[in-house]
Every structure is written in C-alpha cells, then in structure tokens.
Amino acid sequence: MIFTHRKLFINLAVCILCIGVSAIFPLAAAADIKFFDLTNPSLRKMPLAIPVLKAMTPVEAERERTALVADEVSKMLNFTGYFKILERKSYLYDAHKSGITEKELNFGNWTVIGAEFLITGGVQVVGNKLTLDLLLFDPFKQKRLIGKRYHGQIADQNRILRRFCSEVMEAITGWPGMFGSRLAFVSTASGHKEIYTCDYDGTNIKQITKKKNITTFPSWSADGRYMAYTSFVNGPSQIFLREMKGGSETNLTFEGVQIEPAWHPKRFEISATMSMGEDQEIYMLTGGGKIIKKLTNSRGIDVSASWSPNGKQFAYVSNRSGSPQIYIMDVASGRTNRVTYEGKYNTQPSWAPKGDKIAYSSMEGGEIDIFVISVQGKKTIQLTRNSADNEAPSWSPDGSLIAFSSNREGRSRIYVMTAYGTDQRRLVTMDGDQTQPKWSPNFPH
Amino acid sequence: MSKSFFTVHSDPYQKRLFFWAIGISLAGHLILLAVIVMNPQWSGEKDPFASAIDVQMVSVKDIPDTASGKTAAFVKKIMSDKPKPIRKTFKKRETKKAEIDPAPAETADSKKPEVSISRKPVKTKTAMKYKTLKLNQNFKKALARLKKNADEPPARTLEDTIRELREKMDKGEFKREVPKGQRGAQKGRSGPGSKREAQIEEIYMALIASEIQENWAYADQLSSDNEKGGKVAITILPDGSIVDISFMDRSGNRYLDESVEKAIRKSSPVQPYPEGLRKSRIVLGLNYTPQGVSDY
C-alpha cells in the first residue's frame, strides 16, 4: 500500500514537471518562428455576395422583386466604397431551392468564392403590403450578423432597404453609413444661385430657396432640422436661418458682411463670419441669431469655420501670415495652431466626423485640388489631381466619403469620392452649375 | 473533539508522504507561476474582440483545394531543378509603420494666442487613385508591359521569389533557419534537419505567405492612421490543412485582424508539403501591416 502511494506520488511529480516543461518550451520555440511580411492586400474592398431574394409565396409580384431588391441593396452598398459585390454568376446558390437562414445555407459555397459577407432575403407581397426578410451573414464564422423582417407598403421599399443597409454598415464597420443623409448644394439651374438638396446618392433633388438672387453657403444644423445660408436678396450679404420642416426663416440684421454660417455640432448655436464694420472675424451666435461672443480677433480676415465633432475646436481660414492658411482654435483657451504650411492658398476646411482629419482645398499652379491633413498637421494626402478645379469638400456623416464640386467635365458639378480619393464619380446631374455641397447628418429612416 | 494532524499521522512514513505531497504541490505551483510570468497571454487576459480571438481551426473541410495540385507540382518541379540565375531581382517590401501623431503643440501663453510660422513643410503624399487610376499612364504602362511580355516569357514573381530564396539559402543567408540542435547537420545530407530540408521549408513558407496575401481583402476605409500591424502564427500540417491560427500580437484594429484571419481561412487548406519536407508540422509567422492608400 505504502509502496503504491510512493509510486503514485512520484508519477504525479513527473507528470507535473513534464506539463510544466512542455508549457515553457514552446516559448523558446516561438522565438524561432520564421515571419513573413504581408503588406499588400490583393483587394482593397470587402467581398460581398448578394444573391437574388427568395419569393416567399410565390406570386408574380414577388418574383419580379427578387432581383430588383437585391440589385438595389447592391447599388446602395456599392456606393459606400467599402464593398466589392461579387458576380452572381459565381454563386453556387439558388434561393428558391435553398433557404435563406443559416440552417439552410451551405456556407462552404460562399467561402469557396471568397465572400466575406453574404446577404440573403425573402420577399412577400400581399396586395399593397410588402414584407422583406433580410439577413446578413459572415460565412467564415458561419454566423448571422443581422436577421430582420420589415413590413411596409410597397412604396416604402427604398426606406426599408436604406434602413437595412444602415444596419449592415453598422454591423460591419461600426458606423451606420450615410443612407439617411441628404446633401445641400448651390445650383444655378433656375438662373440664380439657389440652395437645393438631394438624397445621399444624388436622387430626389428639391429646390429649397427661391430668392431669385445669390444664395450660397448652406449649413445643416446638428439634427438636420435647420439650415443656415447666406443671401444677397436684401442687398448686403445676410445670414438666413431656416426651419426645414415648415420652411419658416429669419435673417440676421447686423451691420456689414455676414457669410459662411456653421452650426455648432452639440448646441443650438451657430458661428458665422461677420465684419461688423471691421475685419471679417468669426462670431458665435445663438440659434436665434444673438451674438454670444467674438471667437477670433486678428489683423487679417478669419473665415470659413468648420467645427470639430466634439464642438470644442474649430478650423478656419486666416490670412494673418500673408496668405490664406488653415488654423485651429480651441474655444475654451483661445489657443490657435496653424495646420497647413504647404501651399500658398489653402481654404474651405471641413473637419472629418471621426475628428482626426481636416479636408480642405488648395490652389497650386492655378489649379484647385482637395487635400486631407491630420489635425496635428503631420500628414497630408492629396486626393484630387489633374482634373481641373476641385473644391469645397464636405464629409459624409460616417466619414467614409467626401462630396466636392469640380469643373472637370466643363461645368461645375457635385462629385463624391472615398476619404482616400478613390471611386470618384459624379453625384448630381442637372442644369446649371452646382457648387458648395454640404452633407447633412443622418435623418431617421 | 478532533485530533490534531500529528496525532493522527504519527507514523513517520505517513509524515514523509505528507511532505512529499506538499513538495510536489509546491513544485507544480512554481511551474505554473513561471509559465504565467513567461507567457502572459496565458494568464486569462482576453482581447475585447472575442469573436476573432482564440481561433482554433480544427479543419476547414468546406474549402476545396483548387490550386494545391498545380502548386504542389510546381514546388516539386522547382525542387528538382538545379538553381538558375535570377532573372529579376525580388525586392522584399519594407513594412511601413504608421506615424503616430503627437498631441498638438501647446502654446505657452494661453492668454495671448500665438501662431507658430516656422514649421518645416510636410511632404504631401499621393492617394492610391493616382497610382491606379491615371488612365493614360496606366494605358501606356499596360502597352509597354504587353510589348515586353511579347518579347520574353512572362515573369513569374512567385517563381522568382523561390529562386531567390534558394540562392540566398545557398549563400548561407538563412543560417537562422537551421534549428540550433541541428546545426551540426552535414552539407548535402537530405534527412530531417538537413540544410536542404531547411531550404525547402523556407521556400514552402514563402509560397504559403504569398497564397495568403493573394486572398487578403482589406477595405482602406477601415484602416486607421496609427495602424501598427500585428503578428499571427499558423500551424500547417503535411496535408496543407491549417490547424491553428494564433494571434501573437494584435494590431488594435479589429477589422484588420479579422481580414487577415479570413485570408488565412480562405487559403486553407494550402498546398501540401513538398517532397523532402519531413516535419510533422510547420509554424509560419506572418507580420501584417497593410500599406495604406496614402503610403503608396
């Protein structure tokens, strides 16, 4: 018995020692691992598969929507610049034979074509009612990321799809995208410079102002309910504040020039460039138009305020050094830092929603182009080049896209590109010249 | 009333047995402590992104091996070939580390806002668009490439890479690859641990890294300015199946880590070991740091 105990303990001791040694030795082995560098992704977008939807009943009205809805989702998500939509020909899937849920899907059929994300769905039409089942999967993790059933009228289809796409973007990138946003811009389509708005994709264009005079510099309030702009309708340039829903508006009546309003991102306050009989300086005003304080006070002119997302700082243009350059002011301390040093004419700053970058336009060699600079002024990237004048950058609410105006096709048009300058395409097609795009926040779908 | 321990275990042998147990327990705890100190990631600290952590790929049966036959034959052919002069110099990419911007410089006197104007101009970089979307330039380049290809057989980068590795190996540049305990292996020996096997292993690992890079998709818009990259180790069995993906150092960007993990999963199973490689498993390390569009 005693002998057995002794043997047992010795065996136990040996086992523990062996386990310990085997646990420690891989550390030494790890040091001998040969490492190779991966630096160049072969695809700079995420491969996404969107097969046609399944007709749930199926009736003719459903069958004709199966591809239509899938195409619309593809178009929306493709617009973001994040995804490469995989060709349907490569899919080993038939929605009508297979199902749309994870229990019925064979994820191997999707991983084999390299689909990192998959959207499946079903459509049901009963009279005027539309029901859409939409699901997002990660085939590699064999995991459902979103699974929702949307009910509505057939006319609500686009609203439903925008909501779903916002949810897809949030699930994949952490940001809800810009599918609920609109753009304001200036157009001469009516013969005068007036403010117009359109959906994020350039559709659904609406004329906002009808002043039959010069109206420019649109600016959305943080909740999108108000818009400010400058108009010369009463003679001198004046800032107008407009409630978007009712259309009621009021104007500021201060002496001198009033231009370039910019709403505060956190409070119902607005900054504007006003001369008040002196140099043009930036003032802080209430949403009702009362002056709170003078923000800048320098010998040169200070214009074009653009607020940081937290509302504690703003970027602006000042010519105090002899040429227009971008500066940042901290509102609480009044400290000012110069951001741009390269280029002699840097204007139109637009602070990115993520807070780390500022887009601006810079004139060099007679051509205006769009640049992005880190807030610390350390890293500059030129986004447009050799395409005539490109100016007035404005970030999408998720910070992934930049809208700008360009006369690369002759007349000035509104274009959009990714935050890295890729995927540049025209957004709005209408008569006249279009300038000064301003992206709104996301509205509820 | 309970009796004391020494009353019950008055037998000297039982006492000895007890101290033995204490001793073994103490030794075990000491070993455990040493493991935790030397390998902190085992201490139970979890990455917040649990979905991409602790990935244990037992097998990825769903992914058919479409290329292994071709590439295995290719590796076999390369192994059997005698070294030829390198046609094209393969330059290994330098891993660029993203700049970490320091906090904004503060002005000494907060009451008197100052503007510094003597700053050194920062070099402007060009977005990828102008590397890829310059239509005229790209068209000209493509024409030149076609003309060149018509004159000579198309350059096979992978083949060049392998040849270069082989040449480097012959020059003795990969001394580190020979395990310490096997440095005494004689030249020309073809058994386990021989120089030739180390050479084959090196080439095989380069091929697998290349395969994974081919499957790597990463959206630029998900990158961050301070992207530092990360390290991942994968274990490959002789049949090419990847049985373990272990992140040794995460990048801090969940999307980047997941993109690399997916690239590895897409590649699995990789091509099986070439002839002459007798190891039971190979651990391949990958340093991943994507060049941002602005870094081109």
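Note that this is a predicted model, so its numbers are computed, not measured.

**A few points about the overall build of chain A**
Part 1 of the reasoning: Summing up its helical and strand segments, chain A has 4 helices and 31 strands in all.
Part 2 of the reasoning: Its C-alpha atoms give chain A a radius of gyration of 28 Å, more than 25% over the compact-globule value 22 Å for 445 residues.
Part 3 of the reasoning: Dimensions of chain A along its principal axes, counting C-alpha atoms only, are 105 × 65 × 40 Å.
Part 4 of the reasoning: Put simply, chain A has 445 residues, and 55% of those count as buried.
Part 5 of the reasoning: Across chain A, every contact between residues at least 6 apart in sequence was considered, and the portion connecting residues at least 24 apart equals 42%.
Part 6 of the reasoning: Accessible area for chain A stands at about 18500 Å²; split by element, carbon and sulfur atoms hold 52% of it.
Part 7 of the reasoning: Placing the 54 positive and 43 negative side-chain charges of chain A at their respective mean positions leaves the two points 4 Å apart.

**Side note on the overall build of chain B**
Part 1 of the reasoning: In terms of helices and strands, chain B carries 8 helices and 4 strands.
Part 2 of the reasoning: Each helix (α) and strand (β) of chain B, taken in turn from the N terminus, gives the series α-α-α-β-α-α-α-α-β-β-α-β.
Part 3 of the reasoning: Contacts spanning at least 24 positions in sequence make up 77% of the contacts within chain B whose residues lie at least 6 apart.
Part 4 of the reasoning: Carbon and sulfur atoms make up 56% of the accessible area of chain B, which totals about 18200 Å².

**What about the sheet that holds strand E31 (residues 434-439) of chain A?**
All names here are of chain A.
Part 1 of the reasoning: With antiparallel pairing, the 4 strands of this open sheet are ordered in space as E10-E9-E8-E31. Because the sheet does not close on itself, it has two edges, and the strands there are strand E10 (206-207) and E31.
Part 2 of the reasoning: Examined bridge by bridge, strand E8 (residues 182-187) and strand E9 (residues 194-199) share 6 bridges and lie antiparallel to one another. In the strand pairing of E9, Ser187 is matched with Glu194.

**Notes on a nonpolar patch on the surface**
Residues and elements named next belong to chain B.
Part 1 of the reasoning: On the surface, Leu26, Leu30, Leu33 and Val37 cluster together into a nonpolar patch covering about 430 Å² of accessible area.
Part 2 of the reasoning: For Leu33, the position within the fold is in helix H2 (residues 12-38).
Part 3 of the reasoning: Leu33 gets classed as exposed once you look at its relative accessible area, which sits at 51%.

**Here we look at the pattern of salt bridges**
Part 1 of the reasoning: Per the stated rule, a full pass over the model turns up 25 salt bridges over all chains.
Part 2 of the reasoning: Notably, a salt bridge pairs Asp220 of chain B with Arg44 of chain A, separated by 2.6 Å at the nearest N-O pair. Taken together, the residues Asp220 of chain B in the loop between helix H7 (195-214) and strand E2 (230-236) and Arg44 of chain A in the loop between strand E1 (34-38) and strand E2 (46-49) connect one chain to another.
Part 3 of the reasoning: A residue is classified by how much of its surface remains accessible, and Arg44 of chain A, at 11% relative accessible area, is buried.
Part 4 of the reasoning: In this structure, the salt-bridge partner of Glu249 of chain A is Arg242 of chain A, at a minimum N-O distance of 3.4 Å.
Part 5 of the reasoning: Among the charged side chains, a network of salt bridges with common partners joins Lys141 of chain A together with Arg254 and Glu258 of chain B.

**Describing the packing of aromatic side chains**
Aromatic ring pairs are defined here through the distance separating the ring centres and the angle between the ring planes.
Residue and element names in this part refer to chain A.
Part 1 of the reasoning: With the rule as written, the count across this model stands at 21 aromatic pairs over all chains.
Part 2 of the reasoning: Consider the rings of Tyr82 and Phe83, whose centres lie 6.3 Å apart with planes at 45°: the pair is tilted.
Part 3 of the reasoning: Classification of Tyr82 by relative accessible area gives buried; the value is 2%.
Part 4 of the reasoning: The exposure class assigned to Phe83 is buried, which follows from its relative accessible area of 1%.
Part 5 of the reasoning: An angle of 10° between the planes, with centres 6.1 Å apart, marks the rings of Tyr229 and Phe240 as stacked. One end of the pair, Tyr229, is in strand E12 (residues 226-231); the other, Phe240, is in strand E13 (residues 238-243), and 11 residues separate them in sequence.
Part 6 of the reasoning: Note on Tyr229: relative accessible area 0%, which makes it buried.
Part 7 of the reasoning: Counting every residue linked through ring pairs, the aromatic cluster contains Trp307, Phe314, Tyr316 and Tyr327.
Part 8 of the reasoning: Over the face of the ring belonging to Phe36 we find Lys34, whose NZ or CZ atom lies 5.8 Å from the ring centre.
Part 9 of the reasoning: One Lys or Arg, Arg425, reaches over the ring of Phe79 and ends 4.6 Å from the middle of that ring.

**Description of the sheet that holds strand E16 (residues 269-274) of chain A**
Residues and elements named next belong to chain A.
Part 1 of the reasoning: Pairing in this open sheet of 4 strands is antiparallel, and the strands run E15-E16-E17-E18 from one edge to the other. If you trace the sheet from one side to the other, it starts and ends with strand E15 (258-263) and strand E18 (291-294), each paired once. The mean angle between the axes of side-by-side strands here comes to 25°, regardless of whether they run parallel or antiparallel.
Part 2 of the reasoning: Looking at chain direction, E16 and strand E17 (residues 281-286) are connected through 6 bridges and run antiparallel. What sits directly across from Met274, in E17, is Glu281.

**Re H7 of chain B**
Part 1 of the reasoning: Taking 1.5 Å of rise per residue, the 20 residues of H7 of chain B would be expected to cover 28 Å, and the 29 Å separating its terminal C-alpha atoms lies within 8% of that figure.
Part 2 of the reasoning: Among the 20 residues of H7 of chain B, 16 are classified as buried, and the element is accordingly described as predominantly covered.

**Examining the side chain of Ser361 of chain A**
Part 1 of the reasoning: On the secondary structure map, Ser361 of chain A appears in strand E24 (residues 357-364).
Part 2 of the reasoning: With a relative accessible area of 1%, Ser361 of chain A lands in the buried category.

**Quick notes on the pairing of strand E19 (residues 302-307) of chain A**
All names here are of chain A.
Part 1 of the reasoning: Counting buried positions along E19 yields 6 of 6 residues, so the element is predominantly enclosed.
Part 2 of the reasoning: Where E19 and strand E20 (residues 313-318) come together, 4 bridges link them in antiparallel fashion. Of the residues in E20, the one forming a bridge with Asp302 is Ser318.
Part 3 of the reasoning: Hairpin geometry of E19 and E20 is characterised by an intervening segment of 5 residues between the two adjacent antiparallel strands and by a positive phi of about 75° at Gly311.

**Digging into the nonpolar core**
Part 1 of the reasoning: If you look at the biggest cluster of nonpolar residues, it comprises 75 residues, and the most contacted ones within it are Val73, Leu77, Ile119 and Leu132 of chain A together with Ile236, Ile264 and Leu286 of chain B.
Part 2 of the reasoning: Once residues within four sequence positions are removed from consideration, Leu77 of chain A is found in contact with Leu48, Ile50, Phe83, Ile119, Cys165, Val168, Met169 and Phe179 of chain A.

**Topic: the environment of Cys198 of chain A**
Residues and elements named next belong to chain A.
Part 1 of the reasoning: Along the chain, the position of Cys198 falls in strand E9.
Part 2 of the reasoning: Counting along the chain gives 17 residues from Cys198 to Ser181, while the straight-line C-alpha distance between them is 9.0 Å.
Part 3 of the reasoning: Ignoring any residue separated from it by four or fewer positions in sequence, one finds Cys198 in contact with Arg182, Leu183, Phe185, Thr203, Asn204, Ile205 and Val428.

**Looking at the confidence of the model for chain B**
A low pLDDT means the predicted coordinates there should not be read in detail.
Residue and element names in this part refer to chain B.
Part 1 of the reasoning: Averaged over all residues, the pLDDT of chain B is 64; the fraction at 70 or higher stands at 42%.
Part 2 of the reasoning: Confidence scores differ between elements of chain B, with helix H4 (residues 129-132) showing the lowest mean pLDDT of 46 and E2 the highest of 94.
Part 3 of the reasoning: Low pLDDT, under 50, characterises residues 81-118; the stretch is placed with 63 contacts to residues that sit more than four places away or in other chains.
Part 4 of the reasoning: Confidence over residues 174-189 falls short of pLDDT 50; this stretch has 23 contacts with residues more than four positions distant or in other chains.

**Focus: helix H8 (residues 254-267) of chain B**
Residue and element names in this part refer to chain B.
Part 1 of the reasoning: With 14 residues, H8 ought to run about 20 Å at 1.5 Å a step, and its terminal C-alpha atoms sit 20 Å apart, in line with that.
Part 2 of the reasoning: Among the 14 residues of H8, 13 are classified as buried, and the element is accordingly described as predominantly covered.
Part 3 of the reasoning: By the N-cap criterion, in which a side-chain oxygen at the helix start approaches the backbone nitrogen of a residue two or three places on, H8 is capped by Asn253, the distance to Tyr255 being 3.0 Å.

**Points about the environment of Leu12 of chain A**
Part 1 of the reasoning: On the secondary structure map, Leu12 of chain A appears in helix H1 (residues 2-30).
Part 2 of the reasoning: Placed 294 residues apart in sequence, Leu12 of chain A and Ser306 of chain A show a C-alpha to C-alpha distance of 71 Å.

**Here we look at the pairing of strand E4 (residues 282-288) of chain B**
Part 1 of the reasoning: In terms of burial, E4 of chain B is a largely internal element, 6 of the 7 residues being buried.
Part 2 of the reasoning: One ladder, built from 5 bridges, connects E1 of chain A with E4 of chain B; its direction is parallel. In the sheet register, Phe36 of chain A faces E4 of chain B, and the bridge partner there is Leu286 of chain B.
Part 3 of the reasoning: Pairing analysis gives 7 bridges linking E2 of chain B to E4 of chain B, with the strands arranged antiparallel. Considered in E4 of chain B, the bridge of Ile234 of chain B is made with Leu284 of chain B.

The rules behind the values
Every chain is numbered on its own, with residues counted from 1 as its sequence reads. Starting at A for chains and at 1 for ligands, labels are handed out in the order in which the entities are written. Note on the predicted model: pLDDT of at least 70 is required for a residue's local features to be given, and 80 or more for side-chain atom pairs to be given and counted; whole-chain, interface and lining totals, by contrast, use all residues. Excluded from the side-chain calculations are hydrogens and water; all other atoms, namely the structure's heavy atoms, are used. Helix numbers and strand numbers start at the N terminus; a helix is a DSSP run of H or I with at least 4 residues, a strand a run of E with at least 2. For the radius of gyration, the atoms used are the C-alpha atoms, and the globule rule reads 2.2 Å times the number of residues raised to 0.38. Remark: exposure states derive from per-residue accessible area (1.4 Å probe, protein chains only) relative to the maximum for the residue type, with buried under 20%, exposed over 50%, and partly exposed in between. Contacts were defined at the residue level, with two residues in contact if any of their heavy atoms lie within 4.5 Å. In short, Shrake-Rupley with a 1.4 Å probe defines the accessible areas, and a residue's cover is counted only from the protein chains shown. For the purpose of charge, His is not counted, nor are the chain termini; Lys and Arg are scored as positive and Asp and Glu as negative. In plain terms, the charge of a residue is placed at NZ if it is Lys, CZ if Arg, CG if Asp and CD if Glu. Strands pair, by our definition, only if DSSP identifies at least two bridges between them. Nonpolar side chains (Val, Leu, Ile, Met, Phe, Trp, Tyr) are joined into patches within 5 Å and like charges within 9 Å, using only residues with over 30% relative accessible area and no salt bridge. Criterion for a salt bridge: a side-chain nitrogen of Lys or Arg within 4 Å of a carboxyl oxygen of Asp or Glu. Each pair of aromatic rings taken from Phe, Tyr and Trp, with Trp reduced to its six-membered ring, is defined by centres within 6.5 Å and is described as stacked if the planes are under 30 degrees apart, edge-to-face if over 60, and tilted in the remaining cases. Lysine NZ or arginine CZ positioned within 6 Å of the ring centre and within 35 degrees of the ring normal marks a charge as sitting over the ring. Inter-axis angles, ranging from 0 to 180 degrees, are taken between N-to-C directions of lines fitted to C-alpha atoms, where helices are fitted over the stretch in contact. Expected helix span is taken as 1.5 Å per residue step, with the number of steps being one fewer than the number of residues. Put simply, buried Ala, Val, Leu, Ile, Met, Phe, Trp, Tyr and Cys residues joined by side-chain atoms within 4.5 Å make one nonpolar core. Per residue, pLDDT measures the predictor's confidence, with a range of 0 to 100. Under the rule applied, a polar contact is a pair of N or O atoms within 3.5 Å (in protein, one hydrogen donor and one hydrogen acceptor; residues adjacent in sequence only if both atoms are side-chain atoms).

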